[in-house]
Amino acid sequence: MVVQQQSKFKLLLDIMINYRFKKVIVYFPTCTSVTHFYSMFNYLLSKSDRLEKDELKVFSLHGKLNAKPRLKTLENFSTSTSSKCVLFTTDVAARGLDIPDVDLVLQLDPPTDPDMFPHRCGRTGRANKVGRAITFLSEGREEDFVDFMEVRDISLKQLDAPVLKDEFSKWYDVTTREWILQDRTRYDQSIRSYVAFVRYYSKHSAGSIFRLQSLDYKALCEMYCLTRIPKMPENKYIEDFPKDGWLNFSIDFDKYAYKDKKKEEARLHELKTEERKRERIEKSKKKKELAKKNSAWSSKTEHKDVKTERREKLKRRRDAVEAKIKEAQEQDDDDDSSSSEAEVDWKDLVRANKKKKSSPESNGFFDDL
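Just so it is clear, the structure is predicted and the values come from calculations on it, not from any experiment.

Draft legend 1. The pairing of strand β5 (residues 102-107), seen in detail. Of all 6 residues in β5, 5 are buried; the element is thus mostly enclosed. For strand β2 (residues 23-27) and β5, the ladder comprises 5 bridges, and the chain directions are parallel. In the sheet register, V26 faces β5, and the bridge partner there is L106. Pairing between β5 and strand β6 (residues 132-135): 4 bridges, direction parallel.

Draft legend 2. Molecular detail of the nonpolar core. Counting 63 residues, the largest nonpolar core has L12, F41, F88 and Y194 as the members making the most contacts within it. Membership of the second largest hydrophobic core comes to 15 residues, among which are I25, F59, A93 and V102.

Draft legend 3. Quick peek at empty space enclosed by the protein. Under the defined criterion, the tally for this structure stands at 1 cavity of 30 Å³ or more. Its boundaries defined by the atoms lining it, the largest cavity holds a volume of some 40 Å³. Considering the residues around the largest cavity, the lining is formed by K8, F9, P29, L108, D109, F197, M223 and Y224. The class makeup of the residues in the lining of the largest cavity is 6 nonpolar, no polar and 2 charged.

Draft legend 4. Expanded view of the sheet that holds β2. Pairing is parallel in the open sheet, where 5 strands are placed in the order β3-β4-β2-β5-β6. At either margin of the open sheet sits one strand with a lone partner, and together these are β3 (56-61) and β6. The average undirected angle you get between the axes of adjacent strands in this sheet is 15°. Sitting on the sheet, helix α1 (residues 8-18) touches β2, β3, β4 (84-89) and β5, and the angle it makes with β4 is about 150°. Each of β2, β3, β4 and β5 touches helix α3 (residues 67-79); the most contacted strand, β3, lies at about 155° to it.

Draft legend 5. Region of the structure containing the UniProt feature "transmembrane region" (unreviewed entry) in the protein chain. Here the UniProt feature "transmembrane region" (unreviewed entry) sits at residues 24-45. For residues 24-45, the helix share is 68%, the strand share is 18%, and the end-to-end C-alpha distance is 16 Å.

Draft legend 6. Representation of the pattern of salt bridges within the structure. All chains considered together, the criterion is met by 9 salt bridges. Close ionic contact of D14 with R50 constitutes a salt bridge, the shortest N to O distance being 3.9 Å. Here R50 lies in the loop between α2 (31-47) and β3 and D14 lies in helix α1, a separation of 36 residues in the sequence. Taking the relative accessible area as the measure of exposure, R50 reaches 38% and is therefore partly exposed. Where R152 meets D115, a salt bridge forms, and the shortest distance between an N and an O atom there is 3.1 Å. Of this pair, R152 sits in the loop between α5 (145-150) and α6 (166-181) while D115 sits in the loop between β5 and α4 (116-121), and the two are 37 residues apart along the sequence. Residue R152 is classed as partly exposed on the basis of its relative accessible area, which comes to 39%.

Draft legend 7. Highlighting unusual backbone geometry. If you check the backbone angles, D101 has positive phi at about 65° while not being a glycine. Note that D101 resides in the loop between β4 and β5. Positive phi is not limited to glycine here, since A127 has a value of about 55°. Counting through the fold element by element, A127 comes out in the loop between α4 and β6. Accessibility expressed as a relative area gives 70% for A127, which makes it exposed.

Thresholds, definitions, all that
Residues numbered from 1 in each chain as written. Predicted model: local features only at pLDDT ≥ 70, side-chain atom pairs only at ≥ 80, totals over all residues. Heavy atoms only, no water. Buried < 20%, exposed > 50% of the residue type's maximum accessible area, 1.4 Å probe, protein only. Helix = DSSP H or I, 4+ residues; strand = E, 2+ residues; numbered from the N terminus. Pairing = 2+ DSSP bridges. Core = buried A, V, L, I, M, F, W, Y, C linked by side-chain atoms within 4.5 Å. 1 Å grid on protein atoms, 1.4 Å probe; cavity = no way out; pocket = protein on both sides within 12 Å on 5 of 7 lines; lining within 4 Å. Points joined across faces, edges and corners; volume = space filled by probe spheres on them. Nonpolar A, V, L, I, M, F, W, Y, C, P; charged D, E, K, R; others polar. Axes fitted to C-alpha atoms, helices over the stretch in contact; angles between N-to-C directions. Contact = heavy atoms within 4.5 Å. UniProt positions renumbered as here; feature names shortened; annotations may be inferred. Salt bridge = Lys/Arg side-chain N within 4 Å of Asp/Glu carboxyl O.

What follows is the structure, encoded as structure tokens:
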């Protein structure tokens, strides 16, 4: 099923409500996303008026659970008497399980290891029973996955994605926002799920198909209900990257609170600390600007005057040295042209110069200037 990246979970919920099945296994890319969306979908189902009470039961299973909770979840899922049962899981439930009456398998993303694909699909249609396995592929390069699996003798045929009604789509957006705003921890979980998915995506063995360069990060943020793109190295692939990563300012993070009292106290303390820090910086900046504005005119030009004076002093020294050298050259020329003047040995000149320097009456090299 070829879908838009940001519509995956809307389509999943629509299939869960409208598709005819007894039991369905939904494969998520990471353990974090299983935990996060298990909680979110239970809330959505409780708010939906399209299902009767207890008509649809959702379970969750992933690799970070201990053995006992895993076995208990599998048992509850297998023996549930609800009209519809859904299991959110990862590849921990991709092989070695024989759960009866699973008539649908849904993969939100193809597995990173293509050998795992038939194992996932094989959880349905067991014991000569009919089953169907649906895989979501994002529009674009991911559609090449069909040809990739064809080489491995696994054929896939396209199933048209259901058309989502505007009313349902708006209800989903409003309800998920309502759920996520109830506790800031849920937004933090969304960020972790987003980051985990990007890392998962980078590990696909079919790297020529599942490329980080071609991933729609903004649509992915929309899917995970994020208003700001998390800081990651992969952000370099995002064209027209928004300022500071903000996609919209619909959430006031200064007032966005945690349900956990200790977490909220820590957040408020950190917020106050940051406010005080900003106030100190602004106060210091204003103080410097005011001092600069109120300083005397002479102090503003003092640095310039000192610099100019130093430059002129160096120029005078340089001119004096050049004049001395020029005078010495002219003297040498006069000595060479006069035949009557006796030659003076250069060693005698050096001795005379040393004697002159050691004389108490000498005040330095520039005395004669």
